[in-house]
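An overview of the molecular structure
The residues making up each chain are set out below.
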Amino acid sequence: MAKILNLQEEEHLVNMIGDNSITQAIFNYYPQCPKPDHVLGLKAHTDGSIITVNFADALGLQLLKNGVWYNVPIVPNALVMNIGDIMEILSNGFFKSLVHRVVTNAEKERLSLVLVYSLDLETELEPVSEMVDDKRPARYMKIKLNDYMEKYHDTYATGTLAIEGVKI
Ligand SMILES: O=C(O)CCC(=O)C(=O)O
Ligand SMILES: [Fe+2]
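Residues numbered from 1 in each chain as written. Chains lettered and ligands numbered in written order. Predicted model: local features only at pLDDT ≥ 70, side-chain atom pairs only at ≥ 80, totals over all residues. Heavy atoms only, no water.

A short note on the packing of aromatic side chains
Inspection of every chain in the model, using the stated rule, returns two aromatic pairs. Ring geometry for Phe 94 and Phe 95: centres 5.2 Å apart, planes at 90 degrees, overall edge-to-face. For the cation-ring pair, Lys 43 lies above Tyr 156, with the distance from its terminal atom to the ring centre recorded as 5.3 Å. (Phe/Tyr/Trp six-rings, centres within 6.5 Å; stacked < 30°, edge-to-face > 60°. Lys NZ or Arg CZ within 6 Å of the ring centre and 35° of its normal.)

A look at the sheet that holds strand β2 (residues 40-45)
Reading across the sheet, the four strands line up as β2-β7-β4-β5 and stay open at both edges, with antiparallel pairing between neighbours. Every interior strand has two partners, whereas the edge strands, β2 and β5 (68-71), have only one. Strand-to-strand twist of the sheet, defined as the mean angle between neighbouring strand axes without regard to direction, takes the value 30 degrees. Inspection of the sheet shows strand β4 (residues 61-65) paired to β5 by four bridges, in the antiparallel sense. The residue of β5 that forms the bridge with Gln 62 is Asn 71. (Pairing = 2+ DSSP bridges. Helix = DSSP H or I, 4+ residues; strand = E, 2+ residues; numbered from the N terminus. Axes fitted to C-alpha atoms, helices over the stretch in contact; angles between N-to-C directions.)

Description of the nonpolar core
By size, the foremost hydrophobic cluster in this structure holds 24 residues, and its most contacted members are Leu 7, Leu 13, Ile 86, Ile 89, Leu 125, Tyr 148 and Val 166. At the level of secondary structure, the elements contributing two or more residues to this core comprise α2 (85-90), α3 (145-158) and α4 (162-165). For Leu 125, the contacting residues outside a window of four places in its chain are Ile 86, Ile 89, Leu 90, Leu 119, Met 141, Lys 142, Ile 143, Lys 144 and Leu 145. (Core = buried A, V, L, I, M, F, W, Y, C linked by side-chain atoms within 4.5 Å. Buried < 20%, exposed > 50% of the residue type's maximum accessible area, 1.4 Å probe, protein only. Contact = heavy atoms within 4.5 Å.)

Quick notes on the coordination of the iron ion (ligand 2)
Looking at the iron ion (ligand 2), the protein donor atoms are His 45 (NE2), Asp 47 (OD) and His 100 (NE2), and they sit 2.1 to 2.2 Å from it. The motif formed by the donor residues of the iron ion (ligand 2), counted along the single chain, is H-x1-D-x52-H. Of the two residues, Asp 47 is situated in the loop between β2 and β3 (51-56) and His 100 in strand β7 (residues 100-103); the sequence distance between them amounts to 53 residues. Like Asp 47, the residue His 100 is buried in the burial classification. (Donors = N, O, S within 2.8 Å, 3.2 Å for Na, K, Ca; no water.)

As for the sheet that holds β3
Strand order in this open sheet of four strands is β1-β8-β3-β6, and the pairing throughout is antiparallel. The open sheet has two free edges, formed respectively by β1 (23-30) and β6 (80-83), since each of these has just one partner strand. With direction set aside, neighbouring strand axes in the sheet form an average angle of 20 degrees. Here β3 pairs with strand β8 (residues 110-117) via six bridges, running antiparallel. In the strand pairing of β8, Phe 55 is matched with Leu 113.

If you want it as structure tokens, here you go:
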């Protein structure tokens, strides 16, 4: 990703990942649902991660693009990766955190294993300096990851997106 951003210091993003960086493994179980039109498995959100890796056994994950929800297909033995809020902030908005949700299924249950790769909670999050210049000033305010995650959980509960709250 540092290469895509053309960062001089290619290891910069990797070097941000230290001994206290957090990886969460989340196992989601979605039972069969007799009323999939009325019940979501997981409401629309972005992940508060650098990147997220997802492995699921059935359709259900949907992504939002230009106001339209699309099914993420199940490709045998393939992992799905999505960008999270941390990467959107570090890249100064070059990479976008993916809005996604999970719909329920009347026919079958669903299992997913989600790996959420994050940083040390003490990290001061802000766009990396190389992604900021006069033409493209910082689009996200500086915030400690711990404080960001607090906002993230509050906004998740209210159904809004934390990333919107740190945009300048
Ligand atoms: O169950 C899934 O496929 C996605 C779960 C998810 O988006 C999450 O745990 O953040
Ligand atoms: Fe998610």
